[in-house]
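Listed here are the chains, written in short residue letters.
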Amino acid sequence: MTQLTDLTLAGIRDGVAKGEFTATEVAGAFNAAVAGAQDALNAFIVTTPEAALAAAAKVDADRAAGQTLGKLAGVPIGMKDLFATKGVQTTAASKILEGFVPPYESTVSQKLWDAGAGLLGKLNLDQFAMGSSNESSAFGHVISPWRRPGDTTALAPGGSSGGSSAAVAARIVPAATGTDTGGSIRQPAAFTGISGIKPTYGRCSRWGIVAFASSLDQAGPMARTVTDCAIMLEAMAGFDAKDSTSLDVPVPEWAASLSGDLRGKKVGIPREYRLDGLNEDVAKSWDAGIAWLKEAGAEVVDISLPHTQYALATYYIIAPAEASSNLARYDGVRYGQRDLPNGAGLQDMYAATRAAGFGPEVKRRIMIGTYVLSAGFYDAYYTRAQKVRALISRDFMAAFEQCDVILTPTAPSAAFALGEKSNPLDMYLGDVFSVPASLAGLPAMSVPAGLDRNGLPLGLQIIGKPLDEQGVLNAGLAIEARANFVAKPNMWW
Amino acid sequence: MTVSTYRIHGATGEWEVVIGLEVHAQITTQAKLFSGSATAFGAEPNSQVSFVDAAMPGMLPVLNGECIRQAVRTGMAIGAQINKWSRFDRKNYFYADLPQGYQISQLYHPLVGEGAIEISLDDKNPDAETKIIGVERIHVEQDAGKLMHDQHPTMSYVDLNRSGVALMEIVSRPDMASPQEAGAYLAKLRSILRYVGSCDGNMDQGSMRADVNVSVRRPGEPLGTRTETKNVNSVRFVMAVVEAEARRQVDLIEDGGTVSQETRLYDPDKNETRSMRSKEDAHDYRYFPDPDLLPLVLDDAYLAECLASLPELPDAKRQRYENALGLTPYAAGVLTAEVETARWFEVLVTACAKAQGKPEAEVAKQAANWLLSEFFGALNKIGKDLFSSPVGPEGAAELLALVGNGTISGSIAKVVLEKMLETGDGAGVIVEREGLKQESDTGAIDAVVAKILADNAEKVAQYRAGKEALFGFFVGQTMKAMAGKGNPQLVNEALKKALA
Amino acid sequence: MSVDTATVAKIAALARIKVTEGELSAMVPELNGILAWVEQLAEVDVTGVEPMTAVIPNALRLRADVVNADPLTGGDVRDAVLANAPAAEHGFFGVPKVIE
Ligand SMILES: [Mg+2]
Ligand SMILES: [Zn+2]
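Keep in mind that what you see is a predicted model, and the values were worked out from it rather than measured.

1. Remarks on the overall build of chain C
A count of helical and extended segments in chain C gives three helices and two strands. Whereas a compact globule of 100 residues would reach a radius of gyration of roughly 13 Å, chain C reaches 23 Å, over 25% beyond that. Counting only C-alpha atoms, chain C reaches 50 × 45 × 25 Å along its principal axes. Evaluated residue by residue, chain C yields a buried proportion of 43% over its 100 residues. Taking the contacts inside chain C whose residues are at least 6 apart along the sequence as the reference set, 27% of them involve residues at least 24 apart. Surface exposure of chain C reaches about 4900 Å², of which carbon and sulfur atoms provide 57%. Separation between the mean location of the 7 positive side-chain charges and that of the 14 negative ones in chain C comes to 10 Å.

2. Looking at the overall build of chain B
In terms of regular secondary structure, chain B is built from 15 helices and 16 strands. Expected size for 500 residues packed as a compact globule is a radius of gyration near 23 Å; at 30 Å, chain B overshoots this value by more than 25%. Its C-alpha atoms give chain B principal-axis dimensions of about 95 × 55 × 50 Å. Looking at the 500 residues of chain B, the share that counts as buried comes to 56%. Long-range pairs, those at least 24 residues apart, make up 68% of the contacts in chain B between residues at least 6 apart in sequence. Entry remark: accessible area of chain B is about 20800 Å², with carbon and sulfur atoms responsible for 50%.

3. Some words on the state of the cysteines
All chains considered together, the criterion is met by zero disulfides over all chains. Sulfur of B:Cys67: no disulfide; nearest cysteine sulfur belongs to B:Cys199 and is 12 Å away.

4. A closer look at the interface of chain C and chain A
Listed per partner, the contact involves 52 residues of chain C and 73 residues of chain A. For the pair chain C and chain A, the summed buried area comes to about 5200 Å², and 72% of that belongs to carbon and sulfur atoms. When the buried surface of chain C facing chain A is broken down by residue, C:Trp37, C:Leu41 and C:Met52 rank first, second and third, together holding 13% of it. One can count one salt bridge joining chain C with chain A. Between A:Arg364 and C:Glu30 there is a salt bridge, and its shortest N-O distance comes to 2.6 Å. Counting the contacts that link chain C with chain A gives 16 residue pairs in polar contact (both at pLDDT 80 or more). Taken together, the elements giving at least two residues each to the side of chain C that touches chain A come down to helix H1 (5-14), helix H2 (21-38), helix H3 (78-82) and strand E2 (92-96) of chain C. For the side of chain C that touches chain A, the element with the highest residue contribution is H2(C), accounting for nine residues. A breakdown of the residues in the side of chain C that touches chain A according to their chemical character gives 35 nonpolar, seven polar and 10 charged.

5. Structural notes on the coordination of the zinc ion (ligand 2)
Residues and elements named next belong to chain B. At this site the zinc ion (ligand 2) is bound by His24 (NE2), Glu141 (OE) and Glu169 (OE), with donor distances of 1.9 to 2.1 Å. Positions of the donor residues of the zinc ion (ligand 2) along the chain correspond to the pattern H-x116-E-x27-E. In this model, the zinc ion (ligand 2) sits 4.9 Å from the magnesium ion (ligand 1). Of this pair, Glu141 sits in strand E7 (residues 130-142) while Glu169 sits in strand E10 (residues 166-172), and the two are 28 residues apart along the sequence. Glu141 sits in the buried class, given a relative accessible area of 3%. Overall, the relative accessible area of 10% leaves Glu169 in the buried class.

6. Brief notes about the sheet that holds strand E5 (residues 102-105) of chain B
Taken together, three strands build an open sheet; the order of strands is E5-E4-E15 (chain B) and the sheet is antiparallel. On the outer flanks of this sheet lie E5 and strand E15 (288-289) of chain B, each paired with one strand and no other. Bridge count between strand E4 (residues 89-92) of chain B and E5(B): four bridges; the pairing is antiparallel. Of the residues in E5(B), the one forming a bridge with B:Asn92 is B:Tyr102. Relative to E4(B), helix H9 (residues 311-326) of chain A is tilted by about 60°, and along the sheet it contacts E4, E5 and E15 of chain B.

7. Quick look at the side chain of A:Asp81
Among the secondary structure elements, A:Asp81 is positioned in the loop between strand E2 (76-80) and helix H4 (107-114). The residues contacting A:Asp81, other than those within four sequence positions of it, are A:Ile45, A:Gln89, A:Thr90, A:Thr91, A:Ala92, A:Ala93, A:Lys122, A:Leu123 and A:Leu125.

8. Examining the sheet that holds strand E9 (residues 155-159) of chain B
Strand order in the open sheet formed by four strands is E8(B)-E9(B)-E2(C)-E1(C), with antiparallel pairing between adjacent strands. The outermost strands of the open sheet, each flanked by one partner alone, are strand E8 (146-148) of chain B together with strand E1 (88-89) of chain C. Where E8(B) lies against E9(B), three bridges are found, and the strand directions are antiparallel. Bridging from a neighbouring strand, B:Lys146 pairs with B:Asp159 of E9(B).

9. Some details on the packing of aromatic side chains
The tally for this structure, following the rule as stated, stands at 32 aromatic pairs over all chains. When the ring of A:Tyr315 is compared with that of A:Tyr316, the centres are 4.9 Å apart and the planes differ by 80°; the resulting orientation is edge-to-face. Each member of the pair A:Tyr315 and A:Tyr316 is classed as buried. Ring geometry for B:Tyr157 and C:Phe92: centres 5.1 Å apart, planes at 5°, overall stacked. With B:Tyr157 in strand E9 and C:Phe92 in strand E2, this residue pair bridges two chains. An aromatic cluster is built from A:Phe100, A:Phe128, A:Tyr330, A:Tyr335 and A:Phe358, whose rings are joined through pairwise contacts. Positioned over the ring face of A:Trp286 is A:Arg274, at 4.3 Å from the centre of the ring.

10. Overview of the pairing of E4(B)
Residue and element names in this part refer to chain B. Side-chain alternation along E4 places Asp89 and Lys91 on one buried face and Arg90 and Asn92 on a second face that is also buried. Taken together, the two bridges between E4 and E15 define a ladder with antiparallel strand orientation. Bridge pairing in E15 links Arg90 to Phe288.

11. Quick word on the packing of H4(A) against helix H7 (residues 226-236) of chain A
Residue and element names in this part refer to chain A. With their axes 8 Å apart at the nearest point, H4 and H7 run at an angle of 115° to one another. Considered as vectors, H4 and H7 are oriented roughly perpendicular to each other. Contact residues: H4 offers Val108, Lys111 and Leu112, while H7 offers Met232, Ala235 and Met236. For the contact of H4 with H7, the residue count by class is five nonpolar, no polar and one charged.

12. Re the interface of chain A and chain B
Taken together, the contacts link 37 residues of chain A with 31 residues of chain B. For the chain A and chain B pair, buried surface summed over both sides reaches about 2900 Å², with 59% attributable to carbon and sulfur atoms. It is A:Tyr104, A:Ser244 and A:Arg329 that lose the most area in chain A upon contact with chain B, and together they represent 21% of the buried surface on that side. Run the count over chain A and chain B and you get one salt bridge. Close ionic contact of B:Asp292 with A:Arg206 constitutes a salt bridge, the shortest N to O distance being 3.0 Å. One can count 18 residue pairs in polar contact (both at pLDDT 80 or more) joining chain A with chain B. Every element with two or more residues in the side of chain A that touches chain B is listed here: H9, helix H10 (346-357), helix H11 (360-373) and helix H12 (378-399) of chain A. Among the residues forming the side of chain A that touches chain B, the class breakdown is 19 nonpolar, 10 polar and eight charged.

What counts and how
Residues numbered from 1 in each chain as written. Chains lettered and ligands numbered in written order. Predicted model: local features only at pLDDT ≥ 70, side-chain atom pairs only at ≥ 80, totals over all residues. Heavy atoms only, no water. Helix = DSSP H or I, 4+ residues; strand = E, 2+ residues; numbered from the N terminus. Rg over C-alpha atoms; globule rule 2.2 N^0.38 Å. Buried < 20%, exposed > 50% of the residue type's maximum accessible area, 1.4 Å probe, protein only. Contact = heavy atoms within 4.5 Å. Areas by Shrake-Rupley, 256 points an atom, 1.4 Å probe, with all protein chains shown as cover. Lys, Arg positive; Asp, Glu negative; His and termini not counted. Charge placed at Lys NZ, Arg CZ, Asp CG, Glu CD. Disulfide = S-S within 2.5 Å. Buried area = accessible area lost by both parts, 1.4 Å probe. Salt bridge = Lys/Arg side-chain N within 4 Å of Asp/Glu carboxyl O. Polar contact = N/O pair within 3.5 Å; in protein donor to acceptor, adjacent residues only side chain to side chain. Nonpolar A, V, L, I, M, F, W, Y, C, P; charged D, E, K, R; others polar. Donors = N, O, S within 2.8 Å, 3.2 Å for Na, K, Ca; no water. Pairing = 2+ DSSP bridges. Axes fitted to C-alpha atoms, helices over the stretch in contact; angles between N-to-C directions. Phe/Tyr/Trp six-rings, centres within 6.5 Å; stacked < 30°, edge-to-face > 60°. Lys NZ or Arg CZ within 6 Å of the ring centre and 35° of its normal. Parallel < 35°, antiparallel > 145°, perpendicular 65-115°, else oblique.

Shown next as structure tokens:
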């Protein structure tokens with residue numbers, strides 16, 4: 001029999017439902033895997049083995065009582081530590097929130113518990129989801145379970161959902177939540193050889209998720225297969241009256257409708273994404289992806305997204321601007337850490353608390369955001385960026401006149417080593433392929449496409465029309481079926 | 001339209017005052033602007049605070065529709081432009097009463113645009129001297145929490161009950177030129193808000209506060225530098241602030257100083273304004289559209305519904321009272337200033353018309369006069385007002401009907417009213433129980449008159465000799481003998497006949 | 001547009017982040033690098049383009065005026081609201097004394 005921890009989310013759910021094993025056995029196996037990997041990978045900020053067991057016990061009892069089981073019954077998951085979890089510390093990987101125990105549960109996590117999932121623990125991330133390597137966490141870097149063959153250099157699991165990607169890839173969780181603001185689900189998924197989907201902006205409620213950039217943040221699942229992503233997204237998505245930007249539309253049965261048959265579908269290949277000096281292996285995997293989609297019956301069309309080159313600059317104005325305001329609430333008054341120097345007044349307390357509580361990348365983005373919104377600069381930076389954003393969105397809408405989905409690489413390279421990118425700008429440029437879809441609020445996913453010459457995973461990104469998660473998942477499934485990605489990290493921990 | 005002649009007499013000459021008011025009016029709602037917590041006044045600290053109001057991580061705003069409806073209705077009541085496309089912006093600054101680190105407000109695209117309010121400067125004749133004060137905009141925004149500074153030696157305490165309560169900020173043009181105009185504007189605005197029902201106008205509970213912008217200049221010169229005195233919470237204080245602040249500015253300039261644009265606080269005990277230390281640093285609010293919210297789009301049907309729901313407003317009502325009911329401008333002005341007074345009066349008129357079987361226009365004057373001269377006085381004596389009065393408009397109409405049909409006289413009516421206020425019993429019951437019915441039996445009256453004339457033969461002779469002033473004496477004696485219950489008209493007639 | 005030390009100090013003060021002299025001088029070139037890079041947006045022709053307001057077309061919903069309709073966004077949760085406060089006394093949050 002395969003190990004329980006090797007099973008997919010669907011495999012666990014079905015096995016529990018059929019009685020092949022109990023949810024409690026599953027939770028126990030993953031709890032052990034989590035504990036065994038924690039020192040090496042640092043994927044979790046807190047682990048909650050009892051919570052996982054309690055949820056499992058409930059599922060087992062429900063099953064014994066003959067009750068209908070939820071979509072995720074018996075599946076223990078990891079929760080990115082950006083989702084508020086009632087009674088369990090929630091930090092956004094920042095010192096400033098250390099010790100904060102929310103008296104409420106985020107909408108998305110509540111939906112997952114309602115579907116029968118259990119909490120293995122809170123996953124590490126880049127501080128306030130700001131970063132692409134998981135090096136900005138106040139609780140230590142997450143180490144990717146992947147290594148270059150014959151090389152023990154610690155690699156980045158991607159970011160900001162790096163704890164999530166590392167944990168899923170290491171098979172210490174079958175699935176995890178992520179959030180994606182400019183690529184934070186897709187890039188770490190690509191770096192670690194797993195799948196992840198950022199749904200259409202507004203599909204998943206943002207209520208109870210620590211905000212980074214409100215107009216961009218979206219939650220989504222990260223798992224080993226496209227099917228697992230579809231199942232989990234069904235449980236996470238749905239209208240929430242508590243979030244004004246939530247979309248009041250039904251949640252389709254994505255998993256049941258999955259089909260890798262793309263006959264009659266058109267796949268757009270944006271010429272602007274063929275950057276000068278694009279990494280050869282990345283270019284090769286993109287070509288392979290094109291071939292696979294053709295094989296699946298799709299017609300491939302050349303499209304243009306003319307404002308692509310401006311997406312990153314646009315993003316690095318809008319996201320910091322929103323963040324600078326969203327993070328103003330961390331002031332040491334109502335929760336989290338307070339730094340009150342002797343004799344300090346209120347405003348000194350704020351400045352000291354925020355200086356001590358925020359990490360360098362968070363401060364950097366707050367500073368940029370504060371600057372671009374400040375008097376005299378607002379129009380030149382923020383208003384202009386929102387106009388360019390509208391143009392970027394228009395580009396996509398025009399492209400979708402010609403195609404159903406768009407295929408691109410997820411990231412310009414495979415995982416880099418921790419500490420390799422010391423210049424913030426270098427790090428920002430890594431988001432070049434993922435940011436445009438975020439700016440336009442489009443559903444986008446990364447699926448594993450193969451390994452580069454160093455034996456590290458590469459991902460392909462599929463971008464869909466608004467609300468067409470099905471089209472994205474289907475194309476993902478078609479690639480998954482042909483990429484035959486079976487590589488997994490050697491367990492060195 | 002009149003030009004204010006209000007001037008400050010400085011050491012070096014005359015100065016004009018220029019005043020603009022930014023009024024924060026709490027919108028009357030059950031729940032807060034962006035959360036479901038309650039807005040009731042006087043609750044236990046932090047009991048009306050949701051996770052949203054406390055700006056806990058991950059909390060999001062969801063707009064209360066009633067706040068929008070009331071702000072739209074208010075805008076319509078001052079004839080303002082309603083913007084069908086508006087938006088909420090964040091105003092970013094750090095303060096302990098502002099949990100989010102920003103106030104959700106409307107800077108770039110407010111809900112309500114340009115409107116106007118007409119003020120009257122002469123209470124005696126509200127039609128005589130009026131002035132139009134421009135309203136630049138009304139926007140909807142969140143209130144802040146409250147800080148308490150004297151509960152602890154080294155700490156201020158923060159109560160977030162008010163945090164997130166819905167406010168309308170009503171921004172006037174700098175069109176006022178005297179303390180009286182500023183006071184009249186605030187009073188009129190309050191009256192309109194209460195008519196509309198969008199704000200209860202309870203200034204002592206903080207439901208309405210004015211930021212008073214004051215500057216001074218030589219007559220005809222360009223505008224001077226203004227100061228903003230925050231959170232002034234009564235009409236009287238607004239007038240006092242204008243006076244004190246204008247005087248301070250004049251003295252400052254005449255002493256060679258310059259006015260700095262700053263935020264100030266009013267100290268009613270010392271009747272002076274002082275600079276606010278906490279607001280000293282130059283603000284850069286970094287306004288930008290709140291990305292947690294979408295633009296607010298209203299359609300024609302929504303606006304039509306708001307318009308249809310508006311009541312008759314004070315100016316229209318006052319005109320109607322004058323033109324259709326024949327009241328004096330003064331009476332119409334007093335009766336329409338407060339929506340509850342007008343409501344009370346209208347119930348009274350309807351009840352009077354019904355009780356007396358006459359059209360409203362015929363009984364309105366009697367009712368108005370009685371209300372203004374008799375009833376207000378009687379209430380005042382027992383320390384009550386119209387709204388705490390034990391006698392309601394229907395009860396009052398019963399009393400007036402008894403006067404109208406001759407059952408009791410006007411002077412007995414005063415006695416009956418006193419007893420009504422005392423006991424809460426109806427006029428008819430009291431008249432019956434105390435035997436206060438007017439004597440209209442001419443035979444009975446004639447008999448009393450005959451006795452009075454017989455008892456005062458000497459005075460009768462003097463009267464007949466031409467001392468006609470004695471007629472009042474005979475009336476008094478007759479009424480006294482009848483314990484005040486004689487029908488005055490019949491008593492007069494009987495005396496005239498007997499003395500002829 | 002580039003920033004100097006004084007501007008960065010002003011921005012840090014606005015953002016209520018205490019910075020040392022050393023941090024300040026390190027931040028100047030860093031922020032200038034990023035600002036110079038985002039400057040490229042100046043070359044985009046945005047004539048007649050409205051700034052984006054809603055990422056996905058969606059209208060602002062109005063909620064009914066009901067108190068505590070959803071316990072998650074209603075009041076009467078004082079203990080929960082105060083539970084994480086670094087200083088809470090007598091039902092209030094405590095902050096260093098403010099002079100108004
Ligand atoms: Mg103001
Ligand atoms: Zn205001």
